[in-house]
Amino acid sequence: MIILVFEGISLTIIGIVAGILILSGWVHQIIKGYTTKSLKDVSKYLMILIGIGALLWLIYGLEVSDIYIIGTNAVAIVLMLIVFVMKQKYDKKQKIQNQ
């Protein structure tokens, strides 16, 4: 049924667009966190779960040799790690300032 909706559109293009959309959320979060120097509203548990999910997708992509799954999830892991490190840094700085 979904194939009929996207008839004539390459599923590869759909996959690329999906990857770009998913990754753009992380890029926006990095920019916002950097400019505000705060990521207090971002859950570290959410990032950990998303990171584990991306790692599993990366393993799957490697197993089926899908470059788009591999690339999207490898970049997602890197971006998630950047946000995670920023969050740890800013949360620690905020905790010190509140003492």
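Since we're looking at a predicted model, the values are computed, not measured.

Caption draft 1: Representation of the packing of helix α3 (residues 44-64) against helix α4 (residues 67-98) in the model. Running from N to C, α3 and α4 point in directions that differ by 160°, and their axes come no closer than 8 Å. Judged on the interaxial angle alone, α4 and α3 are roughly antiparallel. Crossing angle aside, the handedness with which α3 passes α4 is left-handed. Along the contact surface, α3 presents K44, M47, I48, G51, A54, L55, W57, L58, Y60, G61 and L62, while α4 presents I69, I70, N73, A74, A76, I77, M80, V83, F84, K87 and Q88. The class makeup of the residues in the contact of α3 with α4 is 16 nonpolar, 4 polar and 2 charged.

Caption draft 2: View of the layout of surface pockets. Estimates place the volume of the largest pocket at around 400 Å³. In terms of lining residues, the largest pocket is bounded by 20 residues, among which I22, W57, I69, T72 and N73 are the most central. Elements supplying a minimum of two residues to the lining of the largest pocket: α2 (11-36), α3 and α4. Here the lining of the largest pocket is composed, by residue class, of 12 nonpolar, 7 polar and 1 charged.

Caption draft 3: Just the pattern of salt bridges, in detail. Applying the stated rule across the entire model yields 1 salt bridge. A salt bridge links D91 to K87, with the shortest nitrogen-to-oxygen separation between them at 2.9 Å. Note that D91 and K87 are positioned in helix α4 at a spacing of 4 residues, about one turn of the helix.

Caption draft 4: Local environment of the side chain of T72. With respect to the helices, strands and loops of the structure, T72 is situated in helix α4. Here the side chain of T72 touches Y68 through a polar contact of 2.9 Å, landing on its backbone oxygen. Sequence-distant contacts of T72, that is, excluding residues within four places in its chain, are made with G19 and L23.

Caption draft 5: Summary view of the nonpolar core. Counting residues in each nonpolar core, the largest one holds 16 residues, and the members touching the most others are W26, L39, M47 and V83. Put simply, the parts of the chain that give this core at least two residues each are α2, α3 and α4. A per-element tally of this core places α4 first, with 8 residues.

Caption draft 6: Representation of the packing of aromatic side chains within the structure. Tallied over the full model, the rule gives 1 aromatic pair. Plain terms: the ring middles of W57 and Y60 are 5.6 Å apart, the flat faces sit at 90° to each other, and that makes the pair edge-to-face. Note that W57 and Y60 are positioned in helix α3 at a spacing of 3 residues, about one turn of the helix. Owing to a relative accessible area of 48%, W57 belongs among the partly exposed residues under this scheme. Taking NZ or CZ as reference, K37 lies 3.6 Å from the ring centre of Y34, over its face.

Definitions and limits used
Residues numbered from 1 in each chain as written. Predicted model: local features only at pLDDT ≥ 70, side-chain atom pairs only at ≥ 80, totals over all residues. Heavy atoms only, no water. Axes fitted to C-alpha atoms, helices over the stretch in contact; angles between N-to-C directions. Helix = DSSP H or I, 4+ residues; strand = E, 2+ residues; numbered from the N terminus. Parallel < 35°, antiparallel > 145°, perpendicular 65-115°, else oblique. Left-handed = near helix turned anticlockwise from the far one by under 90°. Contact = heavy atoms within 4.5 Å. Nonpolar A, V, L, I, M, F, W, Y, C, P; charged D, E, K, R; others polar. 1 Å grid on protein atoms, 1.4 Å probe; cavity = no way out; pocket = protein on both sides within 12 Å on 5 of 7 lines; lining within 4 Å. Points joined across faces, edges and corners; volume = space filled by probe spheres on them. Salt bridge = Lys/Arg side-chain N within 4 Å of Asp/Glu carboxyl O. Polar contact = N/O pair within 3.5 Å; in protein donor to acceptor, adjacent residues only side chain to side chain. Core = buried A, V, L, I, M, F, W, Y, C linked by side-chain atoms within 4.5 Å. Buried < 20%, exposed > 50% of the residue type's maximum accessible area, 1.4 Å probe, protein only. Phe/Tyr/Trp six-rings, centres within 6.5 Å; stacked < 30°, edge-to-face > 60°. Lys NZ or Arg CZ within 6 Å of the ring centre and 35° of its normal.

None of the figures reported here should be taken as evidence of function without further support.
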